[in-house]
Amino acid sequence: GPRKVTKFSKSIAGGWSRELAWALGVVYGDGHVRTGEVQVSGGGKPGKDLEEGIQLLDRWRQVIDPEARLGVRKGRINSYDVFVYSAEFAEWCRSFELEGNKARSLRWPEALPAEFDVDFIRGVMDADGWLKIKPRKNRSPHFVVGLSMGSREFVHTLVSKLPVSFPIQVKTYVVRNGGPYD
């Protein structure tokens, strides 16, 4: 008989969209791809940080599979997960080499059309980025954008894709045992 169309199949049937590019960015940042499932984790300190983490996970769930369960991770306080049990979605994520210890091997998704780069970057930043304004004495403040990723190559590619007309200074650090190292 005809193959059953999953919710994920329906979400990509029309090709790339802003939402799908954003959702892939979230998987790049906070996703874990296993055989037949994709897990996205999030959370934070109690209060606004935790609420924003839960909202991010719920939004991702709505894009990929509205029936996926948003649940608290056992044994962890303020940590939530969304599991999508779809072999098709897991295989799609694996096509971007998002399996195993992806942190050091991340590569820019070449299949992503350039028109969706900003949406993908927004997903990565929503998952693993932060913004900070650093005041400076007698000077205008610095606007700092941070991103926690294990692949320098990926971060430099991401920066090169930003649609800005001014130079961006990139500083990379390796953090081991709680301390930064260049």
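Sequence order as written defines the numbering, with residues in each chain counted from 1. Totals for whole chains, interfaces and linings use every residue, but because this is a predicted model, local features are given only for residues with pLDDT of at least 70 and side-chain atom pairs only at 80 or more, for both listing and counting. With hydrogens and water stripped out, all remaining heavy atoms of the structure feed into the side-chain values.

Participant: For this particular structure, what's the right way to read the overall build of the protein?
Facilitator: From N to C terminus, the protein includes six helices and eight strands. Residue burial is assigned from relative accessible area. The probe radius is 1.4 Å, only protein chains are included, and a residue is buried under 20% of its type maximum, exposed over 50%, and partly exposed in between. Across the 182 residues in the protein, those meeting the buried criterion constitute 36%. By definition in these notes, contact holds between two residues if any of their heavy atoms fall within 4.5 Å. Restricting the contact set of the protein to residue pairs at least 6 apart, pairs at least 24 apart contribute 60%. The Shrake-Rupley method, run with a 1.4 Å probe, gives the accessible areas here. Residue values count only the displayed protein chains as cover. Of the roughly 11600 Å² of accessible surface on the protein, a fraction of 52% belongs to carbon and sulfur atoms. Secondary structure elements follow DSSP: runs of H or I no shorter than four residues count as helices, runs of E no shorter than two count as strands, and numbering proceeds from the N terminus.

Participant: Would you take a moment to explain the nonpolar core for this structure?
Facilitator: Generally speaking, a soluble globular protein has its nonpolar side chains buried in company with each other. By convention a nonpolar core is built from buried Ala, Val, Leu, Ile, Met, Phe, Trp, Tyr and Cys residues, the set being connected through side-chain atoms within 4.5 Å. Val-27, Tyr-28, Trp-60, Phe-89, Leu-98, Phe-120 and Phe-154 are the most contacted members of the largest nonpolar core, which totals 37 residues. Mapped onto this core, the elements with two or more residues apiece are helix 2 (18–30), strand 2 (37–43), helix 3 (48–64), strand 4 (79–84), helix 4 (87–94), helix 5 (117–128) and helix 6 (152–161). Sorting elements by how many residues they give to this core places helix 2 first, with eight residues. The contacts of Phe-120, once residues within four sequence positions are left out, are Ala-21, Trp-22, Leu-24, Gly-25, Tyr-28, Trp-108, Pro-109, Leu-112 and Phe-154.

Participant: Got a minute to help me understand the side chain of Asp-119 in this structure?
Facilitator: Along the chain, Asp-119 turns up in helix 5. Overall, Asp-119 belongs to the buried group, its relative accessible area being 4%. A distance of 3.0 Å separates a polar atom in the side chain of Asp-119 from a polar atom in the side chain of Arg-122. Residues within four places of Asp-119 in sequence aside, it is in contact with Arg-18, Ala-21 and Trp-22. In protein, a polar contact means a hydrogen-donor-capable atom and an acceptor-capable atom, both N or O and within 3.5 Å, with residues adjacent in sequence counting only if both atoms are side-chain atoms; elsewhere, any N or O pair within 3.5 Å suffices.

Participant: Would you mind showing me how to read a nonpolar patch on the surface here?
Facilitator: By definition, no residue in a patch forms a salt bridge, and every one has over 30% relative accessible area; like charges are joined within 9 Å, nonpolar side chains (Val, Leu, Ile, Met, Phe, Trp, Tyr) within 5 Å. Only one rule defines a salt bridge in this text: a Lys or Arg side-chain nitrogen within 4 Å of an Asp or Glu carboxyl oxygen. A grouping of Leu-131, Ile-133, Phe-143 and Val-145 is seen on the molecular surface, where their side chains present a nonpolar patch of about 460 Å² in accessible area. Sorting the residues of the nonpolar patch by element identifies strand 5 (129–136) and strand 6 (139–147) as the ones contributing at least two each. Considering the arrangement of structural elements, one finds Val-145 in strand 6.

Participant: Looking at this model, I keep getting lost on the packing of aromatic side chains. Mind explaining?
Facilitator: The geometry of two aromatic rings is summed up by the distance between their centres and the angle between their planes. Two aromatic rings from Phe, Tyr or Trp, using only the six-membered ring of Trp, form a pair when their centres are within 6.5 Å; if the ring planes differ by under 30 degrees the pair is stacked, by over 60 it is edge-to-face, and anything between is tilted. Scanning the model with the defined rule gives 10 aromatic pairs in all. A ring pair is formed by Phe-89 and Trp-92, whose centres lie 6.0 Å apart and whose planes are at 20°; its orientation type is stacked. With Phe-89 and Trp-92 both in helix 4 and three residues apart, the pair spans about one turn of that helix. When sorted by exposure, Phe-89 lands in the same class as Trp-92, which is buried.

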